[in-house]
Amino acid sequence: MHTDFQYIQQAIRKTRRRRRVFQLWQGLWHGFQVGAVVWVGVLIAYKLIPLQEPWPWAALAAVPLAAVAGMVLALLRRTSMADTAQWLDLQLGLKERLVTAWELAREKPGSPWTPLVIARAADALRQTRWQEVVRFLWPRQAYVTGTLLVVSLGLLWVPEYRSQGWRERQRQSRAQQEAGRELVAFARRELQTEALSPEVEAALREVETMGRQLLEHTQTPDQALQALAELARRLEERARSQADAPGGTRENATSGVDRSDASHPAQEPSAHARLASEADASRMVDRGAQARADAPSATALTAAVSPASAEPQAAGRSEPPLAMAGGTRGSSLQSPESPQAVTGEALLAVAQRLDAWAETLGAGQLTAAEQQRIASKLHSLLPLCASSSTARENLQAALRALQAGNCFSAAQCLSQAATACRATVATQKLWEAARRVAQAAACMGTGRSWMECTAVSRGGGPGGSGAGTQPGGKLFSQIQNAMPRPGGLTPEHVPAPWLGEAPLPVARSIGEAAPAAARVTVRAPLTASESVEPRAVNLERIPRAYRHTVRMYFDERQP
Amino acid sequence: MADVKPNELEQRIEAFHQDLMLLRAEIGRVLVGQESVVEQTLLALFAGGHVLLEGVPGLGKTLLVRTLAQALDLQFSRIQFTPDLMPADILGTNLVMEGPDGRRTFEFQPGPIFAQLILADEINRATPKTQSALLEAMQEHQVTAAGERRRLEEPFFVMATQNPIDQEGTYPLPEAQLDRFFFKICVGYPTESDLVEILERTTGQGPEPVRTVLDRQALLDHMNLVRQVPAARAVKDYAARLILATHPDHPSAVPLARQYLRFGSSPRGAQALVLAGKVRALMQGRLNASCEDLQAVALPALRHRLLLNFEGQAEGITSDQIIAQLLEQVPRLPATAVH
């Protein structure tokens, strides 16, 4: 009996061990199968629904994790010897002989039935090939997993379906984040500059706050666009008021510098060299010269597209551009890489020097030779002050006063010129901030990248009615030729900041372009289309950035 | 039992097999075919259970019981159930008897129930009141008459027959009565060869009388032996799972039971399964009951314990169909033993 029971026990134990290993193997494939199902499911969902990018990767990572989990679960699932005996009975067709023998041996060892049952069970077991019951075959889950992985590989080649609206939202969201990041970076960089006027600092803080809001998506796109437009307009108005203020400068700094560059390209290095004796000033001026040398194309482009600035160049005069002289809608703005940014620093250095000379002249007791030397230096500064006509005029007045020997009057003129230079710098910064904000609005509205919008703003600037964007301007003409619109439909006026190179709003009647003669104003086809169909303007075709503007425009022109 | 040695036990098992063989041979000499009916009847006999034989007239139900009674050295009694049969006709009654001294006393006259093998022929023709007279006798092997309890002599078997057709004037057995039958055996038509053999035997000379091959004490020993056959816990678990799966409200109920049963089997069903499984194992030369044995005896042990609902009766569903689904769907291995 003892030997028989040992034989049964050994068979059950070995079978149990093999089953355990097989369960691990099966658990591994079971986990693989679950992971593969999840992976394929998520992949299919990703192909159909705009899930976040990490989802498929997370599902892919879940495949090995699920396999390990399956093994662990299989490891935790322990089977007792009695269960194994019963399983073996079923597999070998022993009709519960083994499990009965096992139980009797454990629970009723003294029963007269026990040795008989054990002996019969052992005999029956010996007649079977119990060692071959547990076979390590590929489980069914392995085939299913393989099939699923092949399916998933095939799915990788299937393009994702994404709706146009979703793509636009994504692009806009990315553009908003990028714009916000750029605005924050710009504001922080500018805030590090010394000697900022409180107004400029406040403006930069506003820009930084706006950038943060864009980054954190605290507003809806429409709200953000409106806020950006609002901020751009505010900054532009501040810049304009700064330019129009007494003691300030009214003219376009870009135009001034460009004009100077265009008319006296050879004089610039010599002018800078004349300030070489003054360490601070020369450093500033040299940086300005370097920047101008690095960005000739931007300067040239600005000059080229701005009819207002081109006019004084052709005339060779130092009068301010017409657009600015009128004090009307925004002066054109400069890109950060254009000379104005550096010229601002150079202008500050010039203002510092002018203050020093004004103090020297105000103290009097200068010899004629010394006055002559100052006069020659002042003469050399004239090109640098071209960005500020007030400073230029004051400098010329100071020169005249020096030639007349009136040192006190010359000192006063120099002091006013220095103030004008500083005001010009402040105006430039405000314009730059406004341009950045408008650029951010362009990014959000069109969904383009910051760099693309930078290229646009370099070309035309966001000034709306500024240089080149008014009817007759070169940029206006270029954009007008490029944009799709009904034949001959030309907008006569855009009463809001308008971003260059972006498509202009187009009035369309549903199904057919409004017929109109060439060079007609918007009003005629609009009136015609509205009489046919009140909702003739297809808002879906108008970039988001301009919808508000277009609506306002048409609201103003109700017959 | 602890005093019994293994070799003695082997001898007892051997004696059981010999007696069983003789009994089968003796019955087979009289009854042609119907092997499964004989097999199931013997299962119930050695398990000590009562049998309800159901079949159309002329299939040998009564003959089987009578042959069995002759082959066993048991007191046999036949009760023909009729609508006017009264309980006292079965149990017995007190009669006024006059003694030698002229005094009159009440004396109990035992009814036909006081035997060891009772043939209750056409049991469903008696009224429920009369049918119920058998309840106590069948379950507790005792009779209470005239306020006095009287033990019935062991072994005590009731073998009832009933006719499934010609239902007019019959009274279906109450559920409590049905549950007390160990097996309900359906007697079917004989095959062609069996029928020819029946003709051979019955239309010639009269058959030889049945010999007694098993005495009362041997039968009691065998009944005691089969109860000792070990059944593993797994087998009992399987029996419990089978029974629970017949309960329509139980989570493990099979679909047919859920839909067509009003009540499932009582615990007596599980007892019948395991006990009959033990007998079958021993009859087949095994020393342990198995799940296969339970499956083999499930039909006669459970079919009269499943009560169909109205929908089941209207759809013509039979208990046998539900039991077939039960055997098909209830797992033999517990969840812990499965891969």
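Everything numeric in this text was worked out from a predicted model, so none of it was measured. (Residues numbered from 1 in each chain as written. Chains lettered and ligands numbered in written order. Predicted model: local features only at pLDDT ≥ 70, side-chain atom pairs only at ≥ 80, totals over all residues. Heavy atoms only, no water.)

### With respect to the overall build of chain B
No. 1: When helices and strands are counted, chain B shows 14 helices and 11 strands.
No. 2: Sorting the 339 residues of chain B into buried and exposed places 52% on the buried side.
No. 3: A separation of at least 24 residues holds for 75% of the contacts in chain B among residues at least 6 apart in sequence.
No. 4: Taken as a whole, chain B presents about 15800 Å² of accessible surface, with 52% of it coming from carbon and sulfur. (Helix = DSSP H or I, 4+ residues; strand = E, 2+ residues; numbered from the N terminus. Buried < 20%, exposed > 50% of the residue type's maximum accessible area, 1.4 Å probe, protein only. Contact = heavy atoms within 4.5 Å. Areas by Shrake-Rupley, 256 points an atom, 1.4 Å probe, with all protein chains shown as cover.)

### So, the overall build of chain A
No. 1: Of regular secondary structure, chain A possesses 23 helices and 0 strands.
No. 2: Relative to all contacts within chain A whose residues are 6 or more apart in sequence, the contacts with residues 24 or more apart total 75%.
No. 3: A total accessible area of about 26900 Å² is found for chain A, and carbon and sulfur atoms account for 56% of it.

### Describing the pairing of strand β6 (residues 142–145) of chain B
No. 1: Alignment of β6(B) against strand β7 (residues 148–151) of chain B, held across 4 bridges, turns out to be antiparallel. Bridging from a neighbouring strand, A145(B) pairs with E148(B) of β7(B). (Pairing = 2+ DSSP bridges.)

### Comments concerning the sheet that holds strand β2 (residues 76–80) of chain B
All names here are of chain B.
No. 1: Strand order across the open sheet formed by 5 strands is β2-β5-β8-β1-β9, with parallel pairing between neighbours. For this open sheet the edge positions go to β2 and β9 (181–186), each flanked by a neighbour on one side alone. Between one strand axis and the next, the sheet turns through 15° on average, direction left out of account.
No. 2: Across 5 bridges, the pairing between strand β1 (residues 50–54) and β9 is parallel. The partner of L53 across the bridge, within β9, is I185. (Axes fitted to C-alpha atoms, helices over the stretch in contact; angles between N-to-C directions.)

### Description of the interface of chain B and chain A
No. 1: Taken together, the contact between chain B and chain A spans 32 residues of the former and 24 residues of the latter.
No. 2: Between chain B and chain A, a total of about 2500 Å² is buried, with carbon and sulfur atoms accounting for 64% of that surface.
No. 3: Connecting chain B to chain A are 2 salt bridges.
No. 4: Across the pair E292(B) and K95(A) runs a salt bridge, and its minimum N-O distance is 2.8 Å.
No. 5: Where chain B meets chain A, there are 10 residue pairs in polar contact (both at pLDDT 80 or more). (Buried area = accessible area lost by both parts, 1.4 Å probe. Salt bridge = Lys/Arg side-chain N within 4 Å of Asp/Glu carboxyl O. Polar contact = N/O pair within 3.5 Å; in protein donor to acceptor, adjacent residues only side chain to side chain.)

### As for unusual backbone geometry
No. 1: Cis rather than trans, the peptide bond between E154(B) and P155(B) has omega equal to -10°.
No. 2: Checked against the element boundaries, P155(B) lands in the loop between β7 and β8 (157–162).
No. 3: Positive phi, close to 60°, is recorded for E96(A), a residue that is not glycine.
No. 4: Position of E96(A) relative to the elements: it lies in the loop between α3 (81–92) and α4 (97–107).
No. 5: For E96(A), a relative accessible area of 2% puts it in the buried group.

### Topic: the packing of aromatic side chains
Residue and element names in this part refer to chain A.
No. 1: Applying the stated rule across the entire model yields 9 aromatic pairs over all chains.
No. 2: Pairing F5 with W102 gives two aromatic rings, centres 5.7 Å apart and planes at 25°, and the pair type is stacked. With F5 in helix α1 (residues 2–48) and W102 in helix α4, this pair connects stretches of sequence that are 97 residues apart.
No. 3: What makes F5 buried here is its relative accessible area of 14%.
No. 4: Between W29 and F32 the ring centres are 5.4 Å apart and the planes differ by 45°, which places this aromatic pair in the tilted class. Within this pair, W29 and its partner F32 are both found in helix α1, separated by 3 residues, close to a single helical turn.
No. 5: A cation over a ring is seen here: R126 above Y7, with NZ or CZ 4.8 Å from the ring centre. (Phe/Tyr/Trp six-rings, centres within 6.5 Å; stacked < 30°, edge-to-face > 60°. Lys NZ or Arg CZ within 6 Å of the ring centre and 35° of its normal.)

### Observations concerning the packing of helix α8 (residues 216–228) of chain B against helix α11 (residues 267–283) of chain B
Residue and element names in this part refer to chain B.
No. 1: Where α8 meets α11, the closest approach of the two axes is 8 Å, and the angle between their N-to-C directions is 105°. One element, α8, and the other, α11, form an angle in the roughly perpendicular class. Seen from α8, the contacting residues are L225, V226 and R227; seen from α11, they are L275, K278, V279 and L282. (Parallel < 35°, antiparallel > 145°, perpendicular 65-115°, else oblique.)

### Thoughts on the side chain of K61(B)
Residues and elements named next belong to chain B.
No. 1: As for its placement among the helices and strands, K61 is situated in helix α3 (residues 61–71).
No. 2: In this structure K61 is buried but unpaired, with D121 as the nearest side chain of opposite charge at 6.6 Å.
No. 3: A polar contact of 2.8 Å, which involves the side chain of K61, links it to the backbone oxygen of G55.
No. 4: Those residues in contact with K61 that lie beyond four places of it in its chain are L53, E54, G55, V56, T161, Q162 and V187. (Lys, Arg positive; Asp, Glu negative; His and termini not counted.)

### Some points on a nonpolar patch on the surface
No. 1: On the surface, V68(A), V72(A), L73(A) and L76(A) cluster together into a nonpolar patch covering about 390 Å² of accessible area.
No. 2: Taking the relative accessible area as the measure of exposure, L73(A) reaches 54% and is therefore exposed. (Patch = residues over 30% accessible without salt bridge, like charges linked within 9 Å, V, L, I, M, F, W, Y side chains within 5 Å.)

### What about the pattern of salt bridges?
Residues and elements named next belong to chain A.
No. 1: Inspection of the entire model under this criterion finds 34 salt bridges over all chains.
No. 2: With its nearest N and O atoms 2.9 Å apart, the salt bridge here joins E208 to R212. Of the two residues, E208 and R212 both sit in helix α8 (residues 198–216), 4 residues apart, roughly one turn of that helix.
No. 3: You can call E208 buried: its relative accessible area is 8%.

### Quick word on a positive patch on the surface
All names here are of chain A.
No. 1: A cluster of basic residues, R13, K14, R17, R18 and R106, forms a positive patch on the protein surface.
No. 2: Examining the composition of the positive patch, we find that 4 residues originate from one element, α1, more than from any other.
No. 3: Among the secondary structure elements, R17 is positioned in helix α1.
No. 4: Judged by its relative accessible area of 53%, R17 is exposed. (Charge placed at Lys NZ, Arg CZ, Asp CG, Glu CD.)

### Comments concerning the environment of L95(B)
Residue and element names in this part refer to chain B.
No. 1: Tracing the chain through its elements places L95 in strand β3 (residues 92–98).
No. 2: For the pair L95 and F106, spaced 11 residues apart in the sequence, the C-alpha separation amounts to 5.3 Å.
No. 3: In this view, L95 contacts T105, F106, E107 and Q109; residues no more than four positions away in its chain are not counted.

### Examining the environment of H548(A)
Residues and elements named next belong to chain A.
No. 1: Topologically, H548 is positioned in helix α23 (residues 544–556).
No. 2: Overall, H548 belongs to the partly exposed group, its relative accessible area being 40%.
No. 3: A sequence separation of 322 residues divides H548 from Q226, and the C-alpha atoms of the two residues are 8.4 Å apart.

### Section: the nonpolar core
No. 1: Core analysis: the biggest nonpolar cluster contains 110 residues, and L23(B), L42(B), F46(B) and L273(B) have the highest contact counts within it.
No. 2: Ranked by residues supplied to this core, first place goes to α11(B) with 9 residues.
No. 3: Those residues in contact with L42(B) that sit more than four places away from it in its chain are L20(B), L23(B), R24(B), I27(B), L68(B) and M283(B).
No. 4: If you look at the next biggest cluster of nonpolar residues, it comprises 40 residues, including L235(A), A440(A), C443(A) and M444(A). (Core = buried A, V, L, I, M, F, W, Y, C linked by side-chain atoms within 4.5 Å.)

### Quick notes on helix α7 (residues 164–191) of chain A
Residues separated by three or four positions in an α-helix point in the same direction, a consequence of the helix having 3.6 residues per turn.
No. 1: With 28 residues, α7(A) extends 40 Å from end C-alpha to end C-alpha; this agrees with the ideal 40 Å at 1.5 Å per step.
No. 2: Within the sequence span of α7(A), burial applies to Q172(A), A175(A), Q176(A), A179(A), G180(A), L183(A), V184(A), F186(A), A187(A), E190(A) and L191(A). (Expected span 1.5 Å × (residues − 1).)

### A look at helix α14 (residues 319–329) of chain B
Residue and element names in this part refer to chain B.
No. 1: Those residues of α14 not exposed but buried are S319, I322, I323, Q325 and L326. In a view along the axis of α14, the buried residues occupy a sector of 160°, so they form one face of it.
No. 2: As for α14, its buried residues are in contact with α9 (233–244), α10 (255–260), β10 (261–263), α12 (291–302) and β11 (307–308). (Arc of directions from axis to C-beta.)

### Topic: the confidence of the model for chain B
No. 1: The predicted model of chain B has a mean per-residue pLDDT of 87, with 97% of residues at 70 or higher.
No. 2: Interface confidence for the predicted complex, expressed as ipTM, amounts to 0.85; the pTM equals 0.58. (pLDDT = per-residue confidence, 0-100.)

### Here's the deal with the packing of helix α2 (residues 35–47) of chain B against α11(B)
Residues and elements named next belong to chain B.
No. 1: It is at 9 Å that the axes of α2 and α11 come closest, and there the two elements cross at 110°. Between α2 and α11, the crossing angle belongs to the class labelled roughly perpendicular. The handedness of the crossing between α2 and α11 is right-handed. Two secondary-structure elements touch here, α2 through E39, L42, L43, F46 and A47 and α11 through L275, A276, V279, R280 and M283. (Left-handed = near helix turned anticlockwise from the far one by under 90°.)

### Let's talk about the confidence of the model for chain A
Residues and elements named next belong to chain A.
No. 1: Considering every residue of chain A, the mean pLDDT works out to 70; 66% of them sit at 70 or more.
No. 2: Of the regions scoring below 50 in pLDDT, residues 249–342 engages in 158 contacts with residues more than four places distant in sequence or in other chains.
No. 3: Predicted confidence for residues 482–522 stays below pLDDT 50, and this span has 90 contacts to residues more than four positions away or in other chains.

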